[in-house]
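A closer look at the structure
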Amino acid sequence: MKYNYNIIIEYDGTTFVGWQSQRKGLSVQSEIQRALKKLLKDDIKIFGSGRTDSGVHAFQQNANFYTHKKILDKKKFINSLNFFLQKKNISLLDIKKKNLDFNARFSAKKRIYQYVIANRFGSLSLEKNRAWHIKKKLNFKIMKKGAQLLMGTHDFSAFRSSSCGAKSPVKTISKIDIRRKEKKIYLIFESKSFLQQQVRSMVGCLKYLGEEKWSLNKFKKVLKSKQRSMCAPPAPAHGLYLKKIKY
């Protein structure tokens, strides 16, 4: 009998080449598959809800895998897998049995990403590689206005990596939440799917707004231009988190 399991994973992406298995470098996917093979004594391939780039973190990445072995003790399975993963800064948070037609990627209805900016003068110690450190004080109000312009359905070609393989640059952002707490700015984006580097590119442009290098009119022109060359440099990967997948 065949079983399909959905796993929810947390990881620090600092030392990985990204989620997806690659010929060179450590990937999150390959490390989990290696741990599953030790535990289930079988070659297991996991299917992630989406790829995260090198340096990007996850609070709740989702994946699924098929196996002929029924997992009877959920807590024991989680503890055992985490034993193999603990030195890699990867944690299995939960496992759920699903129907055979469930696919972590194609069954996803919404993906939520969070970007963290540490807007302070002093250097980062505890949050090094976990937030984008910007010393210059940002104009938070204009950043909020700029973020609202990104809401809805647009051609996001200007915010798309040249290596992006998506069939269409048109995406719909259903929700954007930008908030400030103490010396940090949190930007949360929700959509069914995103283009490669879209979130980081949008944050890079919002940073230009906050630094007042750009006006709101300039920001609008960049969005409407559909030209990658008009975009500000993308925000660094280490401030980005895959926050949640909704099914």
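Now for a description of the structure that goes with this document. (Residues numbered from 1 in each chain as written. Predicted model: local features only at pLDDT ≥ 70, side-chain atom pairs only at ≥ 80, totals over all residues. Heavy atoms only, no water.)

**A look at helix H2 (residues 74-85)**
Heads up, the rule is: Numbering of helices and strands runs from the N terminus, with a helix taken as a DSSP run of H or I at least four residues long and a strand as a DSSP run of E at least two residues long. In this analysis, the expected span of each helix is defined as 1.5 Å times one less than the number of residues it contains. Only protein chains enter the area calculation, which uses a 1.4 Å probe; residues under 20% of their type maximum are buried, those over 50% are exposed, and those in between are partly exposed. In this description, the arc belongs to the directions extending from the helix axis to the C-beta atoms. It only takes one pair of heavy atoms within 4.5 Å for two residues to be counted as in contact. Any N or O atom pair separated by 3.5 Å or less is treated as a polar contact, with the protein-specific requirement of one donor-capable and one acceptor-capable atom, and with residues adjacent in sequence counted only for side-chain atom pairs.
Its 12 residues give H2 an end-to-end C-alpha distance of 16 Å, which sits within 8% of 16 Å, the value for a rise of 1.5 Å per residue. Turning to H2, its buried residues number three or more, namely Phe77, Ile78, Leu81, Asn82 and Leu85. Burial along H2 is one-sided: seen end-on, the buried residues are contained in an arc of 125°. Counted as exposed and oriented over 90 degrees from the buried face of H2: Lys75, Lys76, Asn79 and Phe83. Buried residues belonging to H2 abut helix H1 (28-40), strand S3 (57-67) and strand S4 (90-98). Two or three places before Lys75, at the start of H2, stands the capping residue Asp73, its side-chain oxygen 3.3 Å from that residue's backbone nitrogen.

**Description of the packing of helix H4 (residues 198-210) against helix H5 (residues 216-225)**
Stated precisely, the cut-off is as follows: Lines are fitted to the C-alpha atoms to define the axes, a helix being fitted only along its stretch in contact, and any angle between axes, read from their N-to-C directions, falls within 0 to 180 degrees. Reported orientations rely on four angle classes, namely roughly parallel under 35 degrees, roughly antiparallel over 145, roughly perpendicular from 65 to 115, and oblique for the rest. Two helices that cross are described as forming a left-handed crossing if the nearer one is turned anticlockwise from the farther one by less than a right angle, and a right-handed crossing if clockwise. Residues are grouped as follows: Ala, Val, Leu, Ile, Met, Phe, Trp, Tyr, Cys and Pro are nonpolar; Asp, Glu, Lys and Arg are charged; every other residue, Gly included, is polar.
Direction vectors running N to C along H4 and H5 enclose 160°, while the axes themselves pass 10 Å from each other. Classified by the interaxial angle, the pair formed by H4 and H5 is roughly antiparallel. For the element pair H4 and H5, the recorded crossing hand is right-handed. Of H5, the residues touching H4 (which contributes Cys205, Leu206 and Leu209) are Leu216, Phe219 and Val222. Counted by class, the contact of H4 with H5 contains six nonpolar, no polar and no charged residues.

**Brief notes about the pattern of salt bridges**
Operational definition: Here a salt bridge means any side-chain nitrogen of Lys or Arg lying within 4 Å of a carboxyl oxygen belonging to Asp or Glu.
Scanning the model with the defined rule gives 12 salt bridges in all. The residue Asp94 makes a salt bridge to Lys74 at a minimum N-O spacing of 2.9 Å. Note that Asp94 is positioned in strand S4 and Lys74 in helix H2, a separation of 20 residues in sequence. One salt-bridge network, held together by shared partners, links Glu31, Arg34 and Lys88.

**What to know about unusual backbone geometry**
Its identity is not glycine, yet Glu212 carries a phi of approximately 65°, on the positive side. Here Glu212 shows up in the loop between H4 and H5.

**Structural notes on the packing of aromatic side chains**
Keep this limit in mind: When two rings of Phe, Tyr or Trp (its six-membered ring) have centres within 6.5 Å they constitute a pair, described as stacked for plane angles under 30 degrees, edge-to-face for angles over 60, and tilted for the intermediate range. The criterion for a charge sitting over a ring is simple: Lys NZ or Arg CZ within 6 Å of the ring centre, and within 35 degrees of the ring normal.
Summed over the entire model, instances satisfying the criterion amount to 11 aromatic pairs. Note on Tyr115 and Trp132: the rings are 6.2 Å apart at their centroids and 85° apart in plane angle, and the pair reads as edge-to-face. Of this pair, Tyr115 sits in strand S5 (residues 110-119) while Trp132 sits in strand S6 (residues 132-134), placing them 17 residues apart in sequence. Residues Tyr115 and Trp132 agree in their burial class; the two are buried. Here the guanidinium or amino end of Lys2 rests over the ring plane of Tyr66, the centre of that ring lying 4.6 Å away.

**Side note on the nonpolar core**
Generally speaking, nonpolar side chains in soluble globular proteins are found buried as a group. How we decide: As used here, the term nonpolar core means buried Ala, Val, Leu, Ile, Met, Phe, Trp, Tyr and Cys residues forming a set that is joined through side-chain atoms within 4.5 Å.
In terms of nonpolar packing, the biggest core is built from 68 residues, with Ile32, Phe65, Ile117 and Phe159 touching the most fellow members. Top element by residues in this core is H4. It accounts for seven residues. Excluding anything up to four places from it in sequence, Ile32 contacts Ile7, Ile9, Trp19, Ile46, Leu85 and Ile90. In this structure, Val116, Ala118, Ala131 and Tyr241 belong to the second largest nonpolar core, which totals five residues.

**Brief notes about the packing of H1 against H2**
Between two packed helices, the angle of one axis relative to the other and the distance separating the axes together describe the packing. Following both chains from N to C, one finds H1 and H2 inclined at 125°, their axes separated by 9 Å at the closest point. Relative to H2, the element H1 is oriented oblique. When the axes of H1 and H2 are compared, the crossing they make is right-handed. Residue-level inspection shows Glu31, Ile32, Ala35, Leu36, Lys38, Leu39 and Leu40 of H1 in contact with H2, the latter providing Phe77, Ser80, Leu81, Phe84 and Leu85.

**Notes on the environment of Ile112**
Residue placement: Ile112 occurs in strand S5. According to the relative accessible area criterion, Ile112 is buried, its value standing at 8%. Ile112 sits 99 residues away from Glu211 along the chain, and the two C-alpha atoms are 26 Å apart. Those residues within four positions of Ile112 in sequence are excluded, and the remaining contacts are Ile188, Phe189, Glu190, Tyr241, Leu242, Lys243, Lys244 and Lys246.

**Details of the environment of Trp132**
We classify Trp132 as buried; its relative accessible area is 13%. With 107 residues separating them along the chain, Trp132 and Gly239 place their C-alpha atoms 5.1 Å apart. Once you skip the residues sitting within four places of it in the chain, Trp132 turns out to touch Tyr115, Val116, Ile117, Ala118, Val203, Gly204, Lys207, Ala235, Pro236, His238 and Gly239.

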